[in-house]
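# Residue-level structural notes
Spelled out from the first residue to the last, the chains are:
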Amino acid sequence: MNKKLFWISPVAVLISFFGGFFLANALNKSELNTLRSEMERLKTAPNTPPQNNSEISLSDEEIRQKIAEADKNSDNFTFQKNLGLALYRYATTKQDDKLLSEVARLLTRANQQNKQDYEVLTTLGNCFFDIGYFKKDNENLIKAREIYQQALQQKPNDVDVRTDLGLTYFLVDPPETESALAEFQNSLQIDPKHEKALQVMAQTLLSQNKASEAEQYLKRLKEVNPENQFLPEIDSRLSQSKNSTSNQ
């Protein structure tokens, strides 16, 4: 049987990674209301309590005006941070790489003013990560990697950040697979039951045709969350990989 029929390309794996990645970053209704409240608060006096109004809309003009206001108040760390975090959440729901570029600019400014703010730092890393993914761009993925490494100097046991660091190695072209696997393994040493780390470890190993190793992580993933949305796909690819090996 043709071995190529069972080759799991990095591109195919990326699709499965980021169907889940953007689902994980998407806002539910409550979070969207929070974002809208934050945008409303930024439109009013600083001491005005936020309004929880689900009917508030976020027009392009409204967003541009708030970004312009942030530029005029560039030394206001709190404004840069709050607007940047709010717009990041909004941009990920829209998968809007242009807005993400503006968000990265705001959060870069905030980070320069307070390099110890962990939320700003990690969100900035996520922003470059998302831009790199959207554009299939090594430069932004490497920026994300550098920021994640800075964040891990503050909190070396942040498994989410370490796992995303590993993904920056896998997503560059060409993939640095061994470095990615090493970071996923580091994540699992900190938290052996970390769902995302188990998932991407299994998927990455399958992309390397390492079916027996991937199967071990797949088993652990099923124990952690038997409802993981990617289990059927990983099971299918594992079966294909095994069949490919047996028919060579």
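Here, every reference points to the structure presented above.
Residues numbered from 1 in each chain as written. Predicted model: local features only at pLDDT ≥ 70, side-chain atom pairs only at ≥ 80, totals over all residues. Heavy atoms only, no water.

Another point: the packing of aromatic side chains. Applying the stated criterion across every chain, the model contains 2 aromatic pairs. Geometrically, the ring pair formed by Phe-129 and Tyr-148 is tilted, given 6.3 Å between the ring centres and 50° between the ring planes. With Phe-129 in helix 6 (residues 118–135) and Tyr-148 in helix 7 (residues 138–154), this pair connects stretches of sequence that are 19 residues apart. Residue class for Tyr-148 comes out buried when judged on its relative accessible area of 1%. Taken together, a centroid distance of 6.1 Å and an interplanar angle of 50° make the contact between Tyr-133 and Phe-134 tilted. Residue class for Tyr-133 comes out buried when judged on its relative accessible area of 15%. Over the ring of Tyr-118 we find Lys-155, and its NZ or CZ is 4.4 Å from the ring centre. (Phe/Tyr/Trp six-rings, centres within 6.5 Å; stacked < 30°, edge-to-face > 60°. Helix = DSSP H or I, 4+ residues; strand = E, 2+ residues; numbered from the N terminus. Buried < 20%, exposed > 50% of the residue type's maximum accessible area, 1.4 Å probe, protein only. Lys NZ or Arg CZ within 6 Å of the ring centre and 35° of its normal.)

Let's shift gears to the pattern of salt bridges. Counted under the stated rule, the structure contains 16 salt bridges. In this structure, the salt-bridge partner of Lys-66 is Glu-69, at a minimum N-O distance of 2.3 Å. Here Lys-66 pairs with Glu-69, and both are found in helix 3 (residues 60–72), just 3 residues apart, close to one helical turn. Judged by relative accessible area, which is 5%, Lys-66 ranks as buried. When its relative accessible area of 30% is taken as the criterion, Glu-69 is described as partly exposed. A salt bridge links Asp-164 to Lys-196, with the shortest nitrogen-to-oxygen separation between them at 2.6 Å. You can see Asp-164 sitting in helix 8 (residues 159–171) and its partner Lys-196 sitting in helix 10 (residues 195–207), a full 32 residues away along the chain. Accessibility expressed as a relative area gives 28% for Lys-196, which makes it partly exposed. Within the structure, one salt-bridge network assembled from shared partners comprises Asp-71, Glu-102, Arg-105 and Arg-109. (Salt bridge = Lys/Arg side-chain N within 4 Å of Asp/Glu carboxyl O.)

Residues other than glycine predominantly adopt negative phi, and peptide bonds predominantly adopt the trans conformation. A cis amide bond, omega 0°, links Asp-173 with the succeeding residue Pro-174. Mapped onto the elements of the fold, Pro-174 is located in the loop between helix 8 and helix 9 (177–190). One non-glycine residue, Gln-95, lies in positive phi territory at about 50°. Residue placement: Gln-95 occurs in the loop between helix 4 (77–94) and helix 5 (97–113). Backbone geometry at Lys-136 places phi at a positive 50°, although glycine is not the residue there.

In this section: helix 7. Note on helix geometry: an α-helix contains 3.6 residues per turn, so any two residues three or four positions apart are oriented the same way. Taking 1.5 Å per residue, 17 residues should reach 24 Å; helix 7 reaches 25 Å between its end C-alpha atoms and fits that length. Against the buried residues of helix 7 lie helix 6 and helix 8. (Expected span 1.5 Å × (residues − 1). Contact = heavy atoms within 4.5 Å.)

Our next topic: the packing of helix 3 against helix 5. Two numbers describe how helix 3 lies on helix 5: the axes approach to 11 Å, and their chain directions differ by 25°. For the element pair helix 3 / helix 5, the angle class is roughly parallel. Between helix 3 and helix 5 lies a crossing of left-handed hand. Across the interface between the two elements, Ile-63, Ile-67, Ala-70 and Asp-71 of helix 3 pack against Leu-99, Glu-102, Arg-105, Leu-106 and Arg-109 of helix 5. Tallied by class, the residues present in the contact of helix 3 with helix 5 amount to 5 nonpolar, no polar and 4 charged. (Axes fitted to C-alpha atoms, helices over the stretch in contact; angles between N-to-C directions. Parallel < 35°, antiparallel > 145°, perpendicular 65-115°, else oblique. Left-handed = near helix turned anticlockwise from the far one by under 90°. Nonpolar A, V, L, I, M, F, W, Y, C, P; charged D, E, K, R; others polar.)

What follows concerns the side chain of Asn-140. Tracing the chain through its elements places Asn-140 in helix 7. On the basis of relative accessible area, Asn-140 is assigned to the buried category, the value being 10%. Residues in contact with Asn-140, not counting those within four places in the same chain, are Phe-128, Phe-129, Ile-131 and Gly-132.

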